[in-house]
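# Observations on chain architecture
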Amino acid sequence: MAERGFDLTVVLREANSAYAGENSILLKEYLAAYSELTRFFDLLGPIFSFVSRDLKDKIHTLQQHQRSEYREHYVTVQSMIRYEVDNELVHRKSPTGLRSGTQMLIRLHRPLQFIVEFMRQFRDSDETVRIPSLAMKVYNKTLAKYHMWIVRKAAKLAVYTLPGRRTLMETLCKQEPERVVELITPVTDAVQIVYDEVQAVYSQHNLLHLP
């Protein structure tokens, strides 16, 4: 077992806990699952560290909302968005001076699609597949449309530093490679349910265009 890495069982547990039924995603559990996933970027090497720092910053802001005097509005993703929309807080800071939770969350939401799709493609690959090419394909399909050209260029350079399939598994995950393959399907299925619910509430409020 790798001495370092992110724990897929933690992601699975917290993603399952985050889904509290249709139209209800618990924010605390969502952030717990995502906090574990940020380690994915930490372990890809220093060239990816800027991604991890940015995601952790947004998680921290959302956690601050949950500790603020307005915390009752930040229990679920749906209650947070409804509160910020109703009080015109989507495009400005909260009464406590925090950045919009709705904006912070969508900037977590978009990379989640990349992570899920990469894990699925990775699961279905074999030793003949070049991981950098696979990662670039997934990036172009998911995140590239949200990034300026200079970020897309940096991403292209970054993915080509990725190691081979087995080395990547041993580096990234606490579980043995065989166990990683077993866990990817339930993990991606659980995270996809959460992703779809969050996508739906942003769409309902016409907020998918947020920067």
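Data block above holds the structure.
An account of the accompanying structure is given in this report. As the structure is a prediction and not an experimental result, all values here were calculated from the model.

### Structural notes on the environment of leucine 44
As for its position among the elements, leucine 44 is in the loop between helix H2 (27–42) and helix H3 (49–67). Separated by eleven residues in the primary sequence, leucine 44 and leucine 55 have C-alpha atoms spaced 15 Å apart. Filtering out sequence-adjacent residues up to four positions away, leucine 44 remains in contact with Leu162, Leu168 and Leu172.

### Structural notes on the packing of aromatic side chains
Following the criterion strictly, the structure yields five aromatic pairs and no others. Arranged with centres 6.0 Å apart and planes meeting at 40°, the rings of tyrosine 30 and tyrosine 34 form a pair that is tilted. With tyrosine 30 and tyrosine 34 both in helix H2, this residue pair falls four residues apart, about one helical turn. In terms of burial, tyrosine 30 and tyrosine 34 fall into one category: buried. Ring centres of tyrosine 70 and tyrosine 83 lie 6.4 Å apart, and the angle between their planes is 25°; on these two criteria the pair is classed as stacked. In this pair, tyrosine 70 is assigned in the loop between H3 and helix H4 (77–86) and tyrosine 83 in helix H4, connecting sequence segments 13 residues apart. A relative accessible area of 24% means that tyrosine 70 is categorised as partly exposed. With a relative accessible area of 11%, tyrosine 83 lands in the buried category. By the ring-pair criterion, three or more aromatic residues cluster together here, those being Tyr70, Tyr74 and Tyr83. Over the face of the ring belonging to tyrosine 146 we find arginine 110, whose NZ or CZ atom lies 4.4 Å from the ring centre.

Rules used in this analysis
- Residues numbered from 1 in each chain as written.
- Predicted model: local features only at pLDDT ≥ 70, side-chain atom pairs only at ≥ 80, totals over all residues.
- Heavy atoms only, no water.
- Helix = DSSP H or I, 4+ residues; strand = E, 2+ residues; numbered from the N terminus.
- Contact = heavy atoms within 4.5 Å.
- Phe/Tyr/Trp six-rings, centres within 6.5 Å; stacked < 30°, edge-to-face > 60°.
- Buried < 20%, exposed > 50% of the residue type's maximum accessible area, 1.4 Å probe, protein only.
- Lys NZ or Arg CZ within 6 Å of the ring centre and 35° of its normal.

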